[in-house]
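# A closer look at the structure
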Amino acid sequence: MKKIFIAVIICITGIMPVSAQSEGEKYTPFQFSFIYPLGTNGIHAPEYTNSVSINLLGGISRNEKAFTLGGLANIIRHNAGGFQIAGLFNHIGNEGKGFLLSGLVSYTGNGYKGFQIAGLSNITKDVEGVQFAGLFNAAKDVKGVRFAGLSNIAKDVEGVQIAGLFNVAKDVKGVQFAGLLNVAERNDYPIALVNIIKHGEKGISLSYSETGSAIVSFRSGGRVTYGIVGYGYNHKAEGSAFVAEGGLGAHIRCGSRFNIKNEVKIENFISKNTTFKAGYHLLPAYRITPHLEVFAGPGINYMQTDDLRNAGLFSSGISLWKKQEHAKIKQVHIGCSAGIQFIL
């Protein structure tokens with residue numbers, strides 16, 4: 001069986017490149033290699049265009065048309081189409097189109113159209129399609145959807161960027177979603193706790209709610225959506241007086257001075273026991289000057305505590321539903337909050 005396999009490999013090695021060259025171009029429908037230059041295209045492999053390539057460890061070619069499989073790596077000097085799959089690394093020197101799967105890193109010199117999936121990162125110039133990366137995606141111009149465990153980095157984006165930690169771009173026409181931070185020059189729809197948008201809006205506010213929390217918050221975002229982070233003190237709480245706040249909001253613009261803030265926020269009372277409030281707030285806001293704004297409005301909240309010392313908090317607002325089980329109290333209530341904000 002081994003002798004037959006060796007004979008087949010020798011025949012393929014000897015015949016295929018010769019038949020391709022006899023036609024006046026360096027093309028072969030099938031290429032097999034162990035690692036360059038041990039393959040059917042030999043030392044001339046970088047000059048060949050292949051339809052199908054099987055590389056047990058790694059291979060080099062000029063172009064790939066349909067399917068490329070590399071145990072470790074595929075190095076394609078110019079263009080690739082179809083499916084490229086590598087255990088570690090795919091390199092396409094010019095442009096690619098189709099489906100690109102890499103265990104660690106995918107690199108495309110001038111652009112890729114289609115699907116890119118990499119265990120660590122996708123790096124390319126222009127993207128049209130979908131990118132998934134365990135760590136980060138890096139590109140210049142993006143049209144499509146990008147997912148990254150850590151970050152997405154680009155210049156211009158048309159579409160959606162989703163990252164576990166942060167997104168960085170210049171001009172965004174679409175949505176950026178990040179677990180912590182979005183950075184851009186222009187972006188109307190950033191969704192993160194902190195959004196540093198050059199042509200967006202940032203403000204510092206002081207607000208007070210029905211439960212007795214006075215919180216200083218930083219609101220930052222674009223023309224429509226924004227993020228909220230804050231820290232404050234609750235004078236009604238006995239077991240956990242300090243409060244941390246986080247949330248997301250969206251403006252409804254009703255003129256140059258008047259807008260309606262729609263906010264979803266969570267307040268966590270800092271202590272060894274669990275006490276938190278989560279709710280939706282409808283806050284009409286009026287801008288007195290270009291840098292000073294006041295706001296106030298109702299909200300519907302869910303509260304929960306494992307600390308009976310904070311039971312007094314649950315007498316706030318208009319209770320819609322309440323339940324107590326031993327030391328745990330739960331409640332849904334309608335409350336209100338008001339504040340003043342300085343626009344940076």
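Everything here concerns the structure above.
How each quantity is defined
- Residues numbered from 1 in each chain as written.
- Predicted model: local features only at pLDDT ≥ 70, side-chain atom pairs only at ≥ 80, totals over all residues.
- Heavy atoms only, no water.
- Helix = DSSP H or I, 4+ residues; strand = E, 2+ residues; numbered from the N terminus.
- Rg over C-alpha atoms; globule rule 2.2 N^0.38 Å.
- Buried < 20%, exposed > 50% of the residue type's maximum accessible area, 1.4 Å probe, protein only.
- Contact = heavy atoms within 4.5 Å.
- Areas by Shrake-Rupley, 256 points an atom, 1.4 Å probe, with all protein chains shown as cover.
- 1 Å grid on protein atoms, 1.4 Å probe; cavity = no way out; pocket = protein on both sides within 12 Å on 5 of 7 lines; lining within 4 Å.
- Points joined across faces, edges and corners; volume = space filled by probe spheres on them.
- Nonpolar A, V, L, I, M, F, W, Y, C, P; charged D, E, K, R; others polar.

### Remarks on the overall build of the protein chain
- Helix and strand counts for the protein chain come out as one helix and 30 strands.
- In terms of overall size, the protein chain is more extended than a compact globule, its C-alpha atoms giving a radius of gyration of 29 Å where 344 residues would be expected to give roughly 20 Å.
- Considered along the principal axes of its C-alpha atoms, the protein chain spans approximately 90 × 50 × 25 Å.
- The burial tally for the protein chain puts 43% of its 344 residues in the buried class.
- Contacts in the protein chain between residues at least 24 apart in sequence constitute 27% of all its contacts with a sequence separation of at least 6.
- Roughly 16,100 Å² of accessible area belongs to the protein chain as shown, and the carbon and sulfur atoms make up 69% of that amount.

### Details of the layout of surface pockets
- Reported here for the largest pocket is a volume of approximately 150 Å³.
- Ala80, Gly81, Glu95, Gly96, Lys97, Asn110, Gly111, Tyr112, Lys113, Asp126, Val127 and Glu128 are the residues that line the largest pocket.
- Per-class residue counts for the lining of the largest pocket are three nonpolar, four polar and five charged.

### Quick look at the environment of Gly179
- Examined against the element boundaries, Gly179 turns out to sit in the loop between β18 (171-178) and β19 (181-184).
- We classify Gly179 as partly exposed; its relative accessible area is 41%.
- Along the primary structure Gly179 and Leu193 are separated by 14 residues, whereas in three dimensions their C-alpha atoms are 7.2 Å apart.
- Contacts of Gly179, omitting those with residues within four sequence positions, involve Ala163, Gly164, Leu165 and Leu193.

### A closer look at empty space enclosed by the protein
- Scanning all chains against the criterion turns up four cavities of 30 Å³ or more.
- Of the pockets and cavities examined, the largest cavity occupies roughly 70 Å³.
- As for the largest cavity, its lining consists of Ser207, Tyr208, Ser209, Ser213, Ile215, Glu245, Lys265, Glu267, Lys277, His281 and Ser337.
- At the level of secondary structure, the elements contributing two or more residues to the lining of the largest cavity comprise β22 (201-209), β23 (213-221), β26 (258-269) and β27 (275-289).
- Take the lining of the largest cavity: its biggest share by element is three residues, from β22.
- Residue classes in the lining of the largest cavity are distributed as two nonpolar, five polar and four charged.

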